[in-house]
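In case you want the letters, here they are:
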Amino acid sequence: MTHRGSRVLHVGSLSRVEGEGALHLSVSGTAVTSARLQIYEPPRFFEAFLRGRAHTEPPDITARVCGICPVAYQLSACAAIEDACDVEVPDPIRELRRLLYCGEWIESQTLHIYLLHAPDFLGRDGAIDLARTHRADVERGLRLKQAGNAILELLGGRAIHPVNVRVGGFHRAPTRAELQPLAEQLRRAMDDALATVHWAAGFEFPDAHCPYDLLALSEPGRYAIDTGTPTVLTEQSDAVRQFALTDFTDEVVEEQVPHSTALHATLRGRRHLTGSLARFAINRRSLSPIALQAATEAGLSGECRNPFRSILVRAVEVVYAVDEALRVIAAYEPPARPFVEVPPRAGVGHGATEAPRGLLYHRYALAADGTVTDARLVPPTAQNQGAIEEDLRRIAETALAGRATAGVGGAADTGTVDDAALTLLCERAIRNHDPCISCSTHFLDLTVDRAPLP
Amino acid sequence: MDRTERRDHAERAAPTLAVFKLASCDGCQLTLLDCEDELLALTGTVRVAHFLEASSAVRPGPYDLALVEGSITTPADAERIRAIRASARHLVTIGACATAGGIQALRDFADVDEFRRTVYARPDYIETLATSTPVSAHVDVDFELRGCPIDRRQLLEVLTAFLAGRKPDVPNHSVCFACKRRGTVCVTVARGTPCLGPVTHAGCGAICPAYGRGCYGCFGPAGTVNLSALIPVLHRDGLDDRDTERLLRTFNAAAFAPYDKEVRP
């Protein structure tokens with residue numbers, strides 16, 4: 001038990017997350033009266049300035065929402081606009097898109113694993129610091145990340161804000177010969193990806209459980225990345241339901257909550273989580289054999305609801321993405337044309353893909369000449385924010401009550417938890433979910449309550 | 001000195017690097033982490049003293065070199081950039097947001113209150129400036145590195161140059177020069193594709209024409225911009241006035257605007 005009464009913990013600038021956020025925790029005895037993940041990323045108004053642009057422009061423009069997952073934005077935008085214009089993209093182009101997306105998964109998930117998340121388990125400030133004691137591990141991570149970037153650079157032109165994606169497909173499709181060096185690099189990357197799962201499986205994981213509904217896309221026969229139907233696995237894990245993408249904003253409701261000025265999305269009032277844990281719980285049977293075997297060897301036999309273990313699930317997803325990229329390259333036949341024409345028409349289109357951090361939904365309304373008249377973007381972090389806050393509350397209360405188990409560090413193991421240890425634990429709880437705060441398409445600017453520390 | 005002492009001593013003597021972020025997508029600071037082959041060598045040369053995306057260890061200034069990503073869009077950030085400037089011996093801005101206001105500078109041409117109402121249910125909660133301005137509009141800047149996003153090779157050149165105390169070798173010529181050097185056939189001449197290459201700052205490696213599309217100006221204006229010569233070519237190749245305006249007003253809207261005004265008063 002803590003010896004102190006009411007107090008307020010405030011971390012002004014979260015580190016090792018993407019974008020800018022702060023954490024605010026109010027504690028009374030062993031109870032957490034308020035847990036707030038505050039996003040103070042300035043609003044950038046994407047939904048507003050997309051209005052009036054041509055229907056060909058959202059892929060390049062929305063890429064700028066996030067430098068960490070631009071492909072997710074590009075491909076959700078393409079899917080929504082092609083839906084509005086009633087155009088189906090042929091399989092060879094869909095496969096190339098999947099290959100590009102695998103590149104982003106490998107790069108972005110590896111960035112999270114090695115540079116943002118692993119240092120927490122090894123008591124280090126970051127990967128640069130980690131390299132002093134675990135140089136070979138950090139080098140392996142950088143090599144693996146580089147393999148993901150190599151896909152993005154070849155297929156997209158560059159790793160951040162690729163230039164080769166367009167509505168209807170690509171500006172230019174690669175030749176078979178151009179993809180061969182990539183296949184060689186990816187075969188080496190598979191060794192690094194498997195080693196990553198093995199490495200992370202050796203970490204010490206605090207006990208935690210997230211009792212939320214899980215939301216991910218799913219499709220028959222393969223792990224959903226670039227397409228699929230929204231699928232919900234309820235908290236009890238015994239019921240799966242799906243809904244049509246056209247109903248997305250009826251099912252995933254964004255609203256303001258009294259204690260926070262950031263928008264929270266819920267599944268019609270039920271707290272939900274999207275991202276690696278949700279995808280794995282819903283789609284793990286569709287993993288390729290090598291990824292499934294890696295998961296089993298890492299102790300992930302069923303669904304995983306411990307957010308601290310998300311690093312393992314991400315590592316398994318990297319194995320899958322490397323394997324899937326190799327499959328696409330092996331089967332690749334260049335399309336007759338790199339894109340199909342997408343003639344504009346008046347209509348509304350919906351698109352969703354699985355960004356590394358979770359389901360990313362776009363909706364556009366187009367005028368007859370293709371001018372965008374309305375745009376709606378629902379990023380994963382807006383959806384996960386409620387679950388992250390609930391995690392913070394539960395994990396902090398567990399630590400305050402002295403029930404924290406091994407691995408949380410600080411004084412928590414001895415039954416008392418000081419502010420520094422509690423802060424560290426809460427930061428870890430946030431980094432478990434890799435909140436990509438840059439996707440501030442409609443996060444509100446915040447007034448930070450700077451209650452003095454007692 | 002034993003090995004640890006020697007290392008500690010070397011670290012104290014190493015120049016300090018800080019990375020800060022304002023309104024932006026994180027992509028330009030990610031470029032530093034995307035230097036996979038050079039990252040560990042670089043961090044053996046400089047001491048990373050403040051880089052929230054990469055490390056929880058935050059050391060106070062003064063810093064020898066501060067990289068700043070993002071534009072000024074809130075009153076708080078306008079204050080913050082002064083503090084950053086005061087803490088930095090050299091301040092380098094990285095990316096289109098920090099050097100030209102970025103894509104969020106589209107608000108400069110619109111009614112920001114309308115933007116607020118479009119995006120937010122409670123627009124009164126939003127504290128934002130009516131403009132998105134580059135860092136140089138607020139404080140002195142030692143060097144501006146262009147691009148949306150910046151180029152990894154140029155970033156390494158800038159870092160190396162500042163560490164060596166010399167001027168960065170980042171040429172001011174247009175994308176057309178880079179296309180010629182790359183051996184890319186001109187998309188405008190060969191296929192009539194509208195392209196901003198003649199007026200756009202080089203640095204990306206002329207990627208778009210190499211992938212069969214026209215340059216869309218993500219590195220902002222080149223040293224010499226002759227829009228009055230280019231606009232008739234864009235019209236010839238099928239863009240109307242509205243298309244041309246949108247092409248110029250995207251990732252470096254505020255930087256191209258003065259030139260566009262010369263052509264269309």
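Residues numbered from 1 in each chain as written. Chains lettered and ligands numbered in written order. Predicted model: local features only at pLDDT ≥ 70, side-chain atom pairs only at ≥ 80, totals over all residues. Heavy atoms only, no water.

### Thoughts on the packing of helix α11 (residues 227-236) of chain B against helix α13 (residues 253-263) of chain B
All names here are of chain B. Stated formally: Lines are fitted to the C-alpha atoms to define the axes, a helix being fitted only along its stretch in contact, and any angle between axes, read from their N-to-C directions, falls within 0 to 180 degrees. Starting at the N terminus, helices and strands are each numbered in turn, a helix being any DSSP run of H or I of at least four residues and a strand any DSSP run of E of at least two. Any angle that falls under 35 degrees is termed roughly parallel, while one over 145 is termed roughly antiparallel, one within 65 to 115 roughly perpendicular, and all others oblique. Residue contacts are counted whenever heavy atoms from the two residues lie within 4.5 Å of one another. In the scheme used here, Gly and all other residues not listed as nonpolar or charged are polar, with Ala, Val, Leu, Ile, Met, Phe, Trp, Tyr, Cys and Pro taken as nonpolar and Asp, Glu, Lys and Arg as charged.
Where α11 meets α13, the closest approach of the two axes is 9 Å, and the angle between their N-to-C directions is 80 degrees. Of the possible angle classes, the one that applies to α11 and α13 is roughly perpendicular. Residue-level inspection shows L227, S228 and I231 of α11 in contact with α13, the latter providing Y259, D260 and V263. Of the residues contributing to the contact of α11 with α13, the split by class is 4 nonpolar, 1 polar and 1 charged.

### Here's the deal with the packing of aromatic side chains
Filter applied, for reference: Working definition: a ring pair exists when centres of Phe, Tyr or Trp rings (six-membered ring for Trp) sit within 6.5 Å. Plane angles under 30 degrees give stacked, over 60 give edge-to-face, the rest tilted. Using a 1.4 Å probe on the protein chains alone, a residue whose accessible area is under 20% of its type maximum counts as buried, one over 50% counts as exposed, and one in between counts as partly exposed.
Following the criterion strictly, the structure yields 13 aromatic pairs over all chains and no others. Plain terms: the ring middles of F49 of chain A and F115 of chain B are 6.3 Å apart, the flat faces sit at 55 degrees to each other, and that makes the pair tilted. Remark: F115 of chain B occurs in helix α6 (residues 112-119) and F49 of chain A occurs in helix α1 (residues 46-49); the pair is interchain, linking two chains. Per residue, the accessibility class of F49 of chain A equals that of F115 of chain B, and both read buried. Centre to centre, the rings of W105 of chain A and Y223 of chain A are 6.2 Å apart; their planes meet at 90 degrees, and the pair counts as edge-to-face.

### Description of the interface of chain B and chain A
Many descriptions give the size of an interface as the accessible area lost when the pieces come together. Applicable threshold: Defined in terms of a 1.4 Å probe, buried area is the accessible area two parts forfeit on being brought together, summed over both. Think of a salt bridge as a Lys or Arg side-chain nitrogen and an Asp or Glu carboxyl oxygen that are within 4 Å of each other. Counted as a polar contact is a pair of N or O atoms within 3.5 Å, where, for protein atoms, one must be capable of donating a hydrogen and the other of accepting one, and residues adjacent in sequence contribute only when both atoms are in side chains.
Between chain B and chain A, the residue contacts involve 63 residues of the former and 71 residues of the latter. Summed over both partners, the interface of chain B with chain A buries about 5,500 Å², with 59% contributed by carbon and sulfur atoms. Its largest share of buried area at the contact with chain A, chain B owes to E36, L40 and Y211 of chain B, together 14% of the area lost on that side. Remark: the boundary between chain B and chain A carries 5 salt bridges. Our count for the chain B to chain A interface comes out at 25 residue pairs in polar contact (both at pLDDT 80 or more). Of all the secondary structure elements, the ones that give two or more residues to the side of chain B that touches chain A are α1 (3-13), α2 (27-33), α3 (39-45), α4 (75-87), α6, α10 (207-210) and α12 (241-248) of chain B. Counted by class, the side of chain B that touches chain A contains 31 nonpolar, 12 polar and 20 charged residues.

So far we have only geometry, and geometry alone does not tell us how the molecule works.
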